[in-house]
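Structural overview for review
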Amino acid sequence: MPEALDLLKTRRSVKPVELTGPPPTAGELETLLTVASRVPDHGKLTPWRFIVFEGDARIKAGETIGAVFKAANPQANDDQIAFERNRLARAPLVVAVVSRAAPHVKIPEWEQVLSAGAAAMNLVTAAHALGFAANWITEWYAYDRRVLDALGLGTNEKIAGFVHIGRPARPPEDRPRPPLGEIVTRFGT
C-alpha cells in the first residue's frame, strides 16, 4: 500500500494559528473519531475518550481557561488574558484525547497511557488523510486541575493531548528529522 506510506511520510504538524476553516463536517468528524478509536488496547479497556470542542463550545471552554489564567496571574494584562481565552479557538475544531488509565489486575497503566497516545496519533493521521492538518499539543491548561474539572474530566483522567484540526493556511514545512543512524541500534552487533 504505497499510498498509505506516502500519507505517513507527508504528515506534518501545523501550528493551530495557521489552521483555517471550514472544519470537518459531521461525517468527517465521525470518521476521524472512528479511526482514532482503532488502536491497540490490551484488555479491551478503552482507556481513553474524546471531548469535541467545535463552534461556540471552543469559546465557552476558553472562558474557563482565561479565568483560571487570570486567577493564577493577577498581574496579567487584558491581551494576555485574551490570548489564553482564545486557546481552543485557534483552530476550527479541537478534540481532547483523555487518558482514563487506571490500575488493573492484568493490564499495566503504562500500556493504557500508550493506547491513549496511539488514539491521539491516529486522530492526527486521519486528519491528514482527509486533507486537513492537525497539531497535537497539551500546554499548561492540560495540567491544571481547575480547567480539567471545568471540562468534565474525572479525578483519574488526564489530557493526553488537545488535537487542533483545520485546513492549512499554507503548505506545511517539514522540520529536520533525526538521521536513522542516530536513533537506531541493532541488538547484538
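Relevant structure appears above.
What follows covers the packing of aromatic side chains. Taken as a whole, this structure holds five aromatic pairs when the rule is applied. Summarising the aromatic geometry, the rings of Trp48 and Phe50 are spaced 5.7 Å apart at their centres and angled 35° between planes, so their arrangement reads as tilted. Note on Trp48: relative accessible area 6%, which makes it buried. Pairing Trp140 with Tyr141 gives two aromatic rings, centres 5.7 Å apart and planes at 90°, and the pair type is edge-to-face. For Trp140, a relative accessible area of 29% puts it in the partly exposed group. The exposure class assigned to Tyr141 is buried, which follows from its relative accessible area of 0%. Taken together through their ring pairs, the aromatic side chains of Phe53, Phe69, Trp140, Tyr141 and Phe162 make up a single cluster.

A separate point is a nonpolar patch on the surface. Side chains of Trp110, Val113 and Leu114 sit close together on the surface and give an oily, nonpolar patch of about 320 Å² of accessible area. Considering the arrangement of structural elements, one finds Trp110 in helix α5 (residues 109-129). Residue classification places Trp110 among the exposed residues on the basis of a relative accessible area of 58%.

Analysis parameters
- Residues numbered from 1 in each chain as written.
- Predicted model: local features only at pLDDT ≥ 70, side-chain atom pairs only at ≥ 80, totals over all residues.
- Heavy atoms only, no water.
- Phe/Tyr/Trp six-rings, centres within 6.5 Å; stacked < 30°, edge-to-face > 60°.
- Buried < 20%, exposed > 50% of the residue type's maximum accessible area, 1.4 Å probe, protein only.
- Patch = residues over 30% accessible without salt bridge, like charges linked within 9 Å, V, L, I, M, F, W, Y side chains within 5 Å.
- Areas by Shrake-Rupley, 256 points an atom, 1.4 Å probe, with all protein chains shown as cover.
- Salt bridge = Lys/Arg side-chain N within 4 Å of Asp/Glu carboxyl O.
- Helix = DSSP H or I, 4+ residues; strand = E, 2+ residues; numbered from the N terminus.

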